[in-house]
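# Fold and geometry: a report
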Amino acid sequence: MPEGVGNLFKRKLPSQPNCPWRQCLFHNPLSYKLYRAVWIGLDLIFPPTCGGCRKPGTRWCSDCQNTVPLLRGEVCERCGLPQDFAGTCPTCKKEKPRFSALRSWSVFTNPVQSALHRLKYRRDVGLGDMLAAQMADFVRELDWPVDLIIPIPLGRKRMVERGYNQVGLIARPLAMALGLEYAPHELTRRRETRSQVGLSKQARRDNVRDAFSAGTRVKGKTVLVMDDVATTGSTLSSGADALFSSGAKDVYAVTVARALPQHGMVNV
Ligand SMILES: [Zn+2]
Ligand SMILES: [Zn+2]
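Residues numbered from 1 in each chain as written. Chains lettered and ligands numbered in written order. Predicted model: local features only at pLDDT ≥ 70, side-chain atom pairs only at ≥ 80, totals over all residues.

Across its full length, the protein chain carries nine helices and seven strands. Every one of the 268 residues in the protein chain was classed for burial, and the buried ones make up 42%. Here the contacts in the protein chain between residues at least 6 apart in sequence split such that 71% fall between residues at least 24 apart. (Helix = DSSP H or I, 4+ residues; strand = E, 2+ residues; numbered from the N terminus. Buried ≥ 20, exposed ≤ 12 C-beta atoms within 10 Å, placed from the backbone. Contact = placed C-beta atoms within 7 Å.)

This brings us to the environment of Phe244. Relative to the helices and strands, Phe244 is located in helix 9 (residues 234–245). On the basis of neighbour count, Phe244 is assigned to the partly exposed category, with 17 C-beta atoms found within 10 Å. Taking the C-alpha atoms as reference points, Phe244 and Ala214, 30 residues apart in sequence, are found 8.5 Å from one another. In contact with Phe244, not counting residues within four places along its chain, are Arg98 and Val251.

Residue Pro111 is bonded to the preceding Asn110 through a cis peptide linkage, with omega at 10 degrees. With respect to the secondary-structure elements, Pro111 resides in the loop between strand 1 (102–107) and helix 4 (112–121). In this structure, Arg54 takes a positive phi of about 70 degrees despite not being glycine. Note on placement: Arg54 falls in the loop between helix 1 (29–45) and helix 2 (62–67).

Ranked by size, the top nonpolar core spans 67 residues in total, and within it Ile149, Leu174, Val223, Val225 and Leu243 carry the most contacts. When residues in this core are grouped by element, the largest group, nine residues, is from helix 7 (residues 166–178). Aside from chain neighbours lying at most four places away, what touches Leu243 is Leu187, Ala214, Val218, Val223, Val225, Ala248 and Val251. (Core = buried A, V, L, I, M, F, W, Y, C linked by C-beta atoms within 7 Å.)

Bringing the pairing of strand 7 (residues 250–258) into the picture now. With eight of nine residues buried, strand 7 lies mostly within the body of the structure. Sheet topology note: the strand 1/strand 7 ladder contains five bridges and is parallel. Directly across from Leu102, in strand 7, lies its bridge partner Ala253. Inspection of the sheet shows strand 6 (residues 222–230) paired to strand 7 by eight bridges, in the parallel sense. By the bridge assignment for strand 7, Met226 is matched with Val254. Between strand 6 and its parallel partner strand 7, the chain crosses via helix 9, and the hand of that crossover is right-handed. (Pairing = 2+ DSSP bridges. Right-handed = clockwise from strand over helix to strand, strands pointing away.)

Moving on: the sheet that holds strand 2 (residues 148–151). Reading across from one edge, 1-7-6-2-3 is the order of the five strands in this open sheet, with parallel pairing throughout. This sheet does not close on itself; its edge strands, each paired only once, are strand 1 and strand 3 (181–182). Each of strand 1, strand 6 and strand 7 touches helix 4; the most contacted strand, strand 7, lies at about 105 degrees to it. Along the sheet, helix 7 makes contact with strand 2, strand 3, strand 6 and strand 7, crossing strand 2 at roughly 170 degrees. (Axes fitted to C-alpha atoms, helices over the stretch in contact; angles between N-to-C directions.)

Here we come to the environment of Pro145. By the element assignment, Pro145 lies in the loop between helix 5 (125–142) and strand 2. Between the alpha carbons of Pro145 and Lys221 there is a distance of 9.7 Å; along the sequence they are 76 residues apart.

This part covers helix 9. Because each turn of an α-helix spans 3.6 residues, side chains separated by three or four positions end up pointing in the same direction. Taking 1.5 Å of rise per residue, the 12 residues of helix 9 would be expected to cover 16 Å, and the 16 Å separating its terminal C-alpha atoms lies within 8% of that figure. Taking burial as the measure, the 12 residues of helix 9 include 10 buried ones, the bulk of the element. With its phi angle positive at about 95 degrees, Gly247 sits one or two positions after the end of helix 9. (Expected span 1.5 Å × (residues − 1).)

Further remarks concern the confidence of the model for the protein chain. Mean pLDDT for the protein chain: 85, with 86% of residues reaching 70 or above. Mean pLDDT across the secondary structure elements of the protein chain bottoms out at helix 8 (residues 201–208), with 76, and peaks at strand 7, with 98. Counted against residues more than four places away or in other chains, residues 263–268, with its pLDDT under 50, gives 11 contacts. (pLDDT = per-residue confidence, 0-100.)

Looking now at the pairing of strand 6. For strand 6, the buried fraction is high: eight of the nine residues fall into the buried class. Note: strand 2 against strand 6, four bridges, orientation parallel. Considered in strand 6, the bridge of Leu148 is made with Val223.

In this model helix 5 runs 25 Å from its N-terminal to its C-terminal C-alpha over 18 residues, within 8% of the 26 Å that 1.5 Å per residue would give. Roughly 40 degrees is the biggest bend found in helix 5, and it falls at Met135. Within the sequence span of helix 5, burial applies to Leu127, Gly128, Asp129, Met130, Leu131, Ala132, Ala133, Gln134, Met135, Ala136 and Val139. (Bend = angle between axes of the 7 residues up to and from the residue.)

Here it is as structure tokens:
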């Protein structure tokens, strides 16, 4: 049975008795199982290539599955960077990020790096679904009391150029897997920001300061904001800032991958 499906019937739905999303086709665990079954069926009819290594026949081959560098072990309880002691890292002690916690499923290196690259430049919806299925248990085990998932949005210009938000391709099926509301329009970019690649931590923070605004539906809600890759976490922190300004109760952050300082923070 594919990952992320086995536990669907064991998990509890979010504790919102009147939430219409509980009945929603896309947030019903049975629907998610059927949705995955459709993808598995399509892959049998039209064999894909592996998102990690291009091997034909599967969307995410067993070699890639077994070599994902999962980010495990002791991490800063706030920003999620690896460290060899419990608690908060010195950087977060000096200046707390706006989100309550940030966690990443994998280190930003291959095969996840090539899968994310492919997702960004080729609209591979099936690969987004596969990554969501791979990381669903990881997010579930964080046990955060989240009401809705919001992907970090692209600016209008980049959205027009690319035609889709690659983070949404993962966040939407992840929301389905977790039985959470997917609310992509509740966070928007107020302005275009330059790429964070090659910027220092302070420059990254300045680049995304006040870059986002949030909608009214986040009021009183605990939000999980999602991005594909985090380096310093400044983009997610700025997104969290906007969500709090619109009355969010709490904000957590998750990414597929984390660029670690020893990896030179490149290609992010
Ligand atoms: Zn592979
Ligand atoms: Zn930290």
